[in-house]
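# Secondary and tertiary structure notes
The primary structure of each chain is shown beneath.
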Protein chains: 2
Amino acid sequence: MSTDGRRATPQARRALVANEILDKAATIFADQGFAGTGIRDIADAMEMSRPAVYHYFETKESLVQELVAGVTGEILQFIIELRADRHLDHREKAHALVEGLVRRVAARPAHMRLLAASERSLPEPIGSTHAEAKRDALVEVRAMIAEGVADGAFRPVDERLAALAILGMCNWVAWWYRADGDIPVEEIGAALADLVLEGLPRRQSRRLADGSIGAAAALLREDLAHLERLIHAREAAPRRKS
Amino acid sequence: MSTDGRRATPQARRALVANEILDKAATIFADQGFAGTGIRDIADAMEMSRPAVYHYFETKESLVQELVAGVTGEILQFIIELRADRHLDHREKAHALVEGLVRRVAARPAHMRLLAASERSLPEPIGSTHAEAKRDALVEVRAMIAEGVADGAFRPVDERLAALAILGMCNWVAWWYRADGDIPVEEIGAALADLVLEGLPRRQSRRLADGSIGAAAALLREDLAHLERLIHAREAAPRRKS
């Protein structure tokens, strides 16, 4: 970061410091609540003077506004664009949804935790903007699932509960993800998407993906073997029991 | 509640008021952080005197300790007992896990949110107790999944990521569950468990749950129909193509 900073343009350097302030502020807000934190606490934690912080964010409110836009606003935008994507089928969209959410949450875990902790005490109109974006995001994810159900790609699940389950699974990443951990964020996203699409249990895939006669015959042999086992069991049982 | 209260024993009445204080305290803590809240704030919100609150909780710390025991401690205990249950198979355990977690989170959403928000600023030794219980709960859920994988009941998933996904899905219920909402908590638990066990996509269930000859024959007829369609398609195609 610092080596990049030396070669960076003044604008890029400014963005870099602004981001550091946002990160630090989010951590402090998350720890002691939004209402109980002042620019002074943030300045102290950054080892900057208050005027230096004001140089980047004129008010605590403008700082919070940028935090909310970077999390809730960014996630809503992603979901809207994904739902409108005509190149992906329902499965691919669900996969991309989980991967994209995990990536965004893992990029700003402290900001996510902050919003979850103190969304009720956000100053207006930031609080309303955040609440609306959250509502809209839920509406979009519900619609994505409902569209998949309508097309027969998904099971007839309760789309609201399924949407909340998926959002929760992804949001919770903010509480356990470590940027310095041993699992790359792409792997986490893929694993979570896989869980949503496949569930936990092992099941023999009975889908004839390749539509071949060979595959159909293999299924047939499996079922025949099963039928034979059942018949043998039935034939053996009465002798023992009656 | 109040009609019960009139007939309740002094002990039950005491528990009732203590619970109300805990609920109110959790809401205030969640809004303004643990460090920034005193017994005075809780007393004011309860419209009680400070001495009256002290009658139930001698210190803020004892109040927080009871909160943590009621959430993290209770959840850990549930998970340990569930994992040890010899009457349930892996699928049933996973189902019971999600249902039980959802029920417990929905019973104390404000307490859950509080712990998620200010676990870093919990006083010692409560903070360490909470952190250990969380770690142990994750260890137990990982083990439940790993045991299911080892027995071939579950797919070979990354058990840590699957455990975190399930815990996150259930924990997040604290952010959207409404006790006065139109969906009973049992239905939420069942829907979330179903998502973990089945995933989102529609698939023909090919499991012979009842082990009957009729079911085996039905599968066989399905495959025969499929084989016939494939054969007809193959027979029709060369005529058009070649």
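Conventions used here
- Residues numbered from 1 in each chain as written.
- Chains lettered and ligands numbered in written order.
- Predicted model: local features only at pLDDT ≥ 70, side-chain atom pairs only at ≥ 80, totals over all residues.
- Helix = DSSP H or I, 4+ residues; strand = E, 2+ residues; numbered from the N terminus.
- Buried ≥ 20, exposed ≤ 12 C-beta atoms within 10 Å, placed from the backbone.
- Contact = placed C-beta atoms within 7 Å.
- Core = buried A, V, L, I, M, F, W, Y, C linked by C-beta atoms within 7 Å.
- Expected span 1.5 Å × (residues − 1).
- Axes fitted to C-alpha atoms, helices over the stretch in contact; angles between N-to-C directions.
- Parallel < 35°, antiparallel > 145°, perpendicular 65-115°, else oblique.
- Left-handed = near helix turned anticlockwise from the far one by under 90°.
- Nonpolar A, V, L, I, M, F, W, Y, C, P; charged D, E, K, R; others polar.

### Here's the deal with the environment of Ala165 of chain B
By the element assignment, Ala165 of chain B lies in helix α9 (residues 159-171). For Ala165 of chain B, a count of 30 C-beta atoms within 10 Å puts it in the buried group. For Ala165 of chain B and Val196 of chain B, which are 31 residues apart along the polypeptide, the C-alpha to C-alpha distance reads 9.4 Å. The residues contacting Ala165 of chain B, other than those within four sequence positions of it, are Met169, Leu192 and Leu195 of chain A.

### Side note on the nonpolar core
Membership of the largest hydrophobic core comes to 114 residues, with the highest contact counts inside it found for Leu192 of chain A together with Leu192 of chain B. Leave out the neighbours within four places in its chain, and Leu192 of chain B touches Leu161 and Ala165 of chain A together with Val98, Val102, Met169 and Cys170 of chain B.

### Here we look at unusual backbone geometry
All names here are of chain A. Residue Pro125 is reached from Glu124 by a cis peptide bond, and omega for that bond is 5°. Looking at the element boundaries, Pro125 is found in the loop between α7 (109-118) and α8 (126-150). Within the chain, Glu47 stands out as a residue other than glycine whose phi angle is a positive 55°. Mapped onto the elements of the fold, Glu47 is located in the loop between α3 (39-46) and α4 (50-56). For Glu47, a count of 8 C-beta atoms within 10 Å puts it in the exposed group.

### Let's talk about the environment of Ile75 of chain B
Residues and elements named next belong to chain B. The topology assignment puts Ile75 in helix α5 (residues 60-84). Residue classification places Ile75 among the buried positions, given that 22 C-beta atoms sit within 10 Å. Sequence spacing of Ile75 and Arg104 is 29 residues, and the spatial spacing of their C-alpha atoms is 7.2 Å. Those residues in contact with Ile75, other than ones at most four positions away along the chain, are Leu101, Arg104 and Ala137.

### A look at helix α9 (residues 159-171) of chain A
All names here are of chain A. A rise of 1.5 Å per residue sets the reference length of α9, with its 13 residues, at 18 Å; its end C-alpha atoms lie 18 Å apart and thus fit the reference within 8%. Within α9, 11 of the 13 residues are buried, leaving the element largely enclosed by the surrounding structure. Along α9, the positions that sit buried rather than exposed are Leu161, Ala162, Ala163, Leu164, Ala165, Ile166, Leu167, Gly168, Met169, Cys170 and Asn171.

### Examining the packing of helix α6 (residues 90-107) of chain A against helix α11 (residues 185-198) of chain A
Helices that pack against each other are described as a pair by the angle of their axes relative to one another and the distance between those axes. Residue and element names in this part refer to chain A. In the contact formed by α6 and α11, the axes pass within 8 Å of each other and the chain directions differ by 140°. Considered as vectors, α6 and α11 are oriented oblique to each other. Every pair of crossing elements has a handedness; the one defined by α6 and α11 is right-handed. Along its contact with α6, which presents Arg91, Ala94, His95, Val98, Glu99, Val102, Arg103 and Ala106, the element α11 presents Val185, Ile188, Gly189, Ala190, Leu192, Ala193, Val196 and Leu197. Here the residues of the contact of α6 with α11 are counted per class, giving 11 nonpolar, 2 polar and 3 charged.

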